[in-house]
Structure formats: C-alpha cells, structure tokens
Amino acid sequence: VSGGMPMSVYVVIDPGHGGKDPGASAHGLAEKDVVLQISKKMNDYFGEYKGVTVSLTRWDDRYLDLNERADFANARNCDLFLSIHINSASSSQAEGFETYIHPDAASKTKNYQNQLHSAITNYLSKYQIKDRGKKQANFAVLRNTKMPAILIENLFITNERENQLLKDGKFIDGLAQSIVEGVARIYGLEKKKTEPKPMYRITVNGKVVCDTAYESKITEAVLEAVRKGADEIQLNKLT
C-alpha cells in the first residue's frame, strides 16, 4: 500500500544457493557467500524501520531446495519475498543488474518491482553499473510463493570489475541499504527515532559539577577532579 503506513510488514529474504550448491563462482568468490552477506546486511538495515519483521530462509551455509524456500515464505504468510542472487555468464563481458517477477504476477507485484528496481539502480548508477531492466521469468521461487515475490540479480560474478565490487564491504553495505530503502518506499515505512543518549551527573566532593550525555565531557570532568586532588568523585546515571 504505497504511501500508507501498515501496522506491520513481514519480509522474507532468501539468500540463494548454499551448502552443496555454491551457485556461480569466479575470481575467488562463490555466489552463496556473497548473497548471504547481502541478506544479513539487509536484515540489519530493516532493523532501523518501525513495524518490520524479517526472516531469512538461511542464516548460514546450508542447502535448501527451491520448494523449501517457497514453503518457508508461504508458511509464514509474509508480505514480500525477496530472493537474492548474483548473475553469471560464459562471457566475462556480461555485466549489470536486473530484477525478475513471475510472468503471471499481479499488478501490485509489478508496482513493487518498479519501485525496488528504481531504488537499487539509483545506488548502482554511482558505480556506472548497467541497468539490464525489469524482467519476468518462471523461476520456481517466484512461481510457488503466494505473496509478491521479486528475484534480484546483483551484478555478474564472472565480470572482473563487478566481481571486485562484490568483494568490497562498503559496496555490499550500500547495495543492501538500497534494497531496504526500496522496500521502505513501497510500504511507506518510517525510520525509528534514535534513542537519546543517557544523561550522567558528575558530583565532586558532594558538589554537582555537570550533567552531560557526552563521554568526552565525563572524562574531562573526572580527570580535572583527579588533577585537583578530589576526595570523592561520583558518576550517577539520571533516569
């Protein structure tokens, strides 16, 4: 419900491959490892938003068949299923990013794909990554899931430049964040308010010196009291 604020949103993230199935591999990288890294980062970023529940189909290096992945999402009756993959090709020149939905997907899923694709390509454009477009395919995880489902092919592991990006923690972090921002846009999610830092009162020889939330200020005040030979220094957390 774009623009509206639902009570809650349940997202299942599906890191592709795993265990005995490494997925695509090239230049020292295996797809199963990179997609798990992206998925865990996505989980972290979803934690910054109100009203979001997230499950991963796998948290570690284990094998799940395609039916198990769809069953996992269906059993939880989630709102959105995101399957995370890295592309590969026989040609090392193949490059870029693309998303997939099922050919029979409802218009709502097409709308979701548009918004998600836009958010990710906006990030990838900073790295001059080619947009291969919004596509459709009869993939099992798209066919067998009962909710809007999108499969994301994040660059080509077989392309040397893109492979280097997939080895870069900063790039992966930004990619995960852009996917989450796309989902936030779809559902109109609000970020949680950051909790204010707790306040502390510093008392020296029975006299209040200051109330502060800053560690540097606390350190400064305590060191100053020590230099002046204070007999008693108290640090109390203010409720």
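Being a predicted model, the structure only gives us computed values, none of them experimental.

Rules used in this analysis
Residues numbered from 1 in each chain as written. Predicted model: local features only at pLDDT ≥ 70, side-chain atom pairs only at ≥ 80, totals over all residues. Heavy atoms only, no water. Helix = DSSP H or I, 4+ residues; strand = E, 2+ residues; numbered from the N terminus. Rg over C-alpha atoms; globule rule 2.2 N^0.38 Å. Buried < 20%, exposed > 50% of the residue type's maximum accessible area, 1.4 Å probe, protein only. Contact = heavy atoms within 4.5 Å. Areas by Shrake-Rupley, 256 points an atom, 1.4 Å probe, with all protein chains shown as cover. Lys, Arg positive; Asp, Glu negative; His and termini not counted. Charge placed at Lys NZ, Arg CZ, Asp CG, Glu CD. Salt bridge = Lys/Arg side-chain N within 4 Å of Asp/Glu carboxyl O. Pairing = 2+ DSSP bridges. Right-handed = clockwise from strand over helix to strand, strands pointing away. Polar contact = N/O pair within 3.5 Å; in protein donor to acceptor, adjacent residues only side chain to side chain.

Trainee: Explain the overall build of the protein here, please?
Mentor: A count of helical and extended segments in the protein gives 7 helices and 11 strands. For 239 residues, the compact-globule formula gives about 18 Å, and the C-alpha radius of gyration of the protein, at 24 Å, lies well above that figure. Along the first, second and third principal axes, the C-alpha atoms of the protein reach 75 × 40 × 35 Å. Relative to its 239 residues, the protein shows a buried fraction of 48%. A fraction of 77% describes how many contacts in the protein between residues 6 or more apart in sequence connect residues 24 or more apart. In the form shown here, the protein has an accessible surface area of approximately 12400 Å², with 47% of it arising from carbon and sulfur atoms. Taking the 32 positively charged and 30 negatively charged side chains of the protein as two groups, their mean positions are separated by 3 Å.

Trainee: What is the right way to look at the pattern of salt bridges in this model?
Mentor: Close approach of charged atoms allows side chains of opposite charge to pair. Under the criterion given, the structure shown has 11 salt bridges. The salt bridge involving Asp173 is made with Lys41; its shortest N-O contact spans 3.2 Å. You can see Asp173 sitting in helix 6 (residues 169-187) and its partner Lys41 sitting in helix 1 (residues 31-46), a full 132 residues away along the chain. A salt bridge links Glu190 to Lys50, with the shortest nitrogen-to-oxygen separation between them at 3.2 Å. Of this pair, Glu190 sits in the loop between helix 6 and strand 9 (199-204) while Lys50 is found in the loop between helix 1 and strand 4 (52-56), placing the two residues 140 residues apart along the sequence. Residue Glu190 is classed as partly exposed on the basis of its relative accessible area of 39%. Because the salt bridges share partners, they merge into one network encompassing Glu98, Arg132 and Lys135.

Trainee: Got a minute to help me understand the environment of Pro196 in this structure?
Mentor: One can find Pro196 in the loop between helix 6 and strand 9. Between the C-alpha atoms of Pro196 and Pro103, which are 93 residues apart in sequence, the distance is 47 Å.

Trainee: Quick question: what am I supposed to make of the pairing of strand 6 (residues 97-101) here?
Mentor: Working note: regular strand, side chains alternate between the two faces of the sheet. Counting buried residues along strand 6, 5 of its 5 residues qualify, which places the element largely inside the surrounding structure. When strand 6 meets strand 7 (residues 131-136), the two strands line up parallel, connected through 5 bridges. Its bridge partner being in strand 7, Tyr100 is matched across the sheet by Lys135. Taken together, strand 6, helix 3 (residues 107-124) and strand 7 form a β-α-β motif whose crossover is right-handed.

Trainee: Where do I start with the side chain of Asn87 in this structure?
Mentor: Position of Asn87 among the secondary structure elements: in strand 5 (residues 80-87). Reaching out from Asn87, the side chain makes a polar contact with the side chain of Glu98 at a distance of 3.0 Å. Those residues in contact with Asn87 that lie beyond four places of it in its chain are Glu98, Glu153, Asn154, Leu155, Phe156, Ile157 and Thr158.

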